[in-house]
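# Survey of secondary and tertiary structure
Each chain is listed here by its residues.
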Amino acid sequence: MNYLNRYLNDESYMADKHKLGDLWIVYTKSEDRVYYSSEINNSLCFTAMEDNASVQMGLKDSGNTPAGWQDKSFYYKKNDDVEWTELVFENNTTSLITLYEGEKLYVMSDSYNSCAVHGDGTIDECKYYYFNISGGKISASGNIMSLLNFTPVLPNYAFYQLFKDCTSLVSAPDLPVTTLTEGCYKSMFSGCSSLTQVPALPATTLVDSCYYQMFLGCSSLVSAPELPATTLAASCYSGMFTNCTSLTEAPELPATTLAEGCYSDMFSGCKSLTKAPELPATTLVKSCYNYMFRGCSKLNYIKALFTTKPSGTYTKRWVSGVPLRGTFVKSSATTWNVTGVRGISGIPILWKVTTA
């Protein structure tokens with residue numbers, strides 16, 4: 001397939017043309033796929049905010065092709081072009097596409113296959129597609145699921161490191177799927193140091209590592225998306241905002257039942273954060289808060305209602321590097337002695353302690 005064609009002779013389309021707009025047909029080796037304009041025109045879109053903005057795709061190959069991997073084809077069009085042209089990979093990268101201020105680049109795939117596969121869940125056996133966005137600033141919009149042929153189902157590790165280190169990316173596209181899978185957004189925007197606008201994350205039930213290090217190193221990010229999830233999973237938020245040095249306000253964390261490593265390193269290195277989100281869970285689990293606020297050098301308020309005695313098992317070095325003085329609010333149901341838990345893996349030594 002080299003491009004998508006507009007197709008105007010389908011009877012069902014002609015009957016509903018006033019509702020549906022243009023109809024497109026995609027020619028593939030195995031089957032045809034029909035799109036209406038309302039779907040295809042919401043493909044992932046890159047808009048140049050400045051001249052000389054560049055977009056390129058690449059394929060990261062560790063040399064050990066994991067089981068389940070299938071190559072994908074991607075297609076693009078610029079501005080109001082009708083034809084979609086295939087992105088050709090040579091030596092695992094495509095040619096740079098340069099945009100000038102105001103120009104748009106749309107990208108989609110005719111394949112449902114994942115953009116990334118972890119053979120055994122490790123980097124050593126991993127293969128994935130990624131974007132390289134450089135030069136002038138670029139804003140992303142549209143539906144990220146255009147890269148999966150608009151399927152409503154996320155494969156495991158679907159968008160692993162998709163925009164990693166895209167230092168010219170200032171806003172993220174929509175992530176509309178509410179049913180997540182293991183590692184689906186892992187490290188997706190890690191190192192995007194110019195990112196200031198992030199997508200809504202509406203899922204209420206999480207899975208292992210789904211948001212792991214998703215925004216790590218996004219040093220321009222001032223505010224975080226709402227995180228409404230009440231059902232957590234292992235490492236689901238681990239490292240999510242690590243080293244987001246401009247983050248001034250943390251999102252609410254409503255879950256009352258924790259999972260192993262769920263919040264570990266979540267705000268580590270957030271040097272502009274002054275107040276922690278309320279932590280309503282009463283029972284701690286292994287590694288749940290480990291390193292959570294490490295290096296938060298302006299943090300001076302924590303309200304944590306756990307009745308489990310804090311220790312290196314649950315709260316290892318979680319307040320290492322916070323200011324000398326602040327306020328810690330504990331639950332009135334606690335039975336452990338405050339004096340016995342003072343330190344970087346409990347309550348900061350000089351902090352005032354009050355009871356909720």
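Now for a quick tour of the structure. What you are looking at is a predicted structure, and each value in this text was computed from that prediction instead of being measured.

### Quick look at the pattern of salt bridges
Under the counting rule described, the total for this entry stands at 4 salt bridges. Taking the shortest distance from any N to any O, the salt bridge between Asp165 and Lys164 comes out at 3.0 Å. Relative accessible area serves as the criterion here: at 43%, Asp165 is assigned to the partly exposed category. Owing to a relative accessible area of 32%, Lys164 belongs among the partly exposed residues under this scheme. Its salt-bridge partner being Glu278, residue Lys303 comes within 3.9 Å of it at the nearest N-O pair. Taken together, the positions of Lys303 in strand 14 (residues 301–303) and Glu278 in the loop between strand 13 (169–171) and strand 14 put the pair 25 residues apart, joining distant regions of the chain. By relative accessible area, Lys303 is classed as partly exposed at 23%.

### Topic: the sheet that holds strand 10 (residues 116–118)
Taken in spatial order, the 4 strands line up as 8-5-11-10 in an open sheet, and their pairing is antiparallel. Since the sheet does not close on itself, it has two edges, and those belong to strand 8 (97–99) and strand 10, each with one partner. Taking the axes of each pair of neighbouring strands and ignoring which way they run, one obtains an average angle of 30° across the sheet. Looking at chain direction, strand 10 and strand 11 (residues 126–135) are connected through 3 bridges and run antiparallel. Opposite His118, over in strand 11, you have Cys126 as the bridge partner.

### Quick look at a nonpolar patch on the surface
Together, Leu324, Ile349 and Leu350 make up a nonpolar patch on the protein surface, roughly 340 Å² of accessible area in all. Its place among the elements puts Leu350 in the loop between strand 15 (327–330) and strand 16 (352–355).

### Describing unusual backbone geometry
Of note in the backbone geometry, Asn79 takes a positive phi value of approximately 55° without being a glycine. In this fold, Asn79 is placed in the loop between strand 6 (74–78) and strand 7 (85–86). We note that Asn243 has phi near 60°; this positive angle belongs to a residue other than glycine. Within the secondary structure layout, Asn243 lies in the loop between strand 13 and strand 14. You can call Asn243 partly exposed: its relative accessible area is 40%.

### Some details on the pairing of strand 5 (residues 53–61)
Burial analysis of strand 5 places 7 of its 9 residues in the buried class, the great majority of the element. In the sheet, strand 5 pairs with strand 8 via 3 bridges, with the strands oriented antiparallel. Paired with Ser54 across the strands is Thr98, a residue of strand 8. Where strand 5 meets strand 11, 9 bridges bridge the pair, whose relative direction is antiparallel. Bridge pairing links Ala53 to Gly135 in strand 11.

Basis of the calculations
- Residues numbered from 1 in each chain as written.
- Predicted model: local features only at pLDDT ≥ 70, side-chain atom pairs only at ≥ 80, totals over all residues.
- Heavy atoms only, no water.
- Salt bridge = Lys/Arg side-chain N within 4 Å of Asp/Glu carboxyl O.
- Buried < 20%, exposed > 50% of the residue type's maximum accessible area, 1.4 Å probe, protein only.
- Helix = DSSP H or I, 4+ residues; strand = E, 2+ residues; numbered from the N terminus.
- Pairing = 2+ DSSP bridges.
- Axes fitted to C-alpha atoms, helices over the stretch in contact; angles between N-to-C directions.
- Patch = residues over 30% accessible without salt bridge, like charges linked within 9 Å, V, L, I, M, F, W, Y side chains within 5 Å.
- Areas by Shrake-Rupley, 256 points an atom, 1.4 Å probe, with all protein chains shown as cover.

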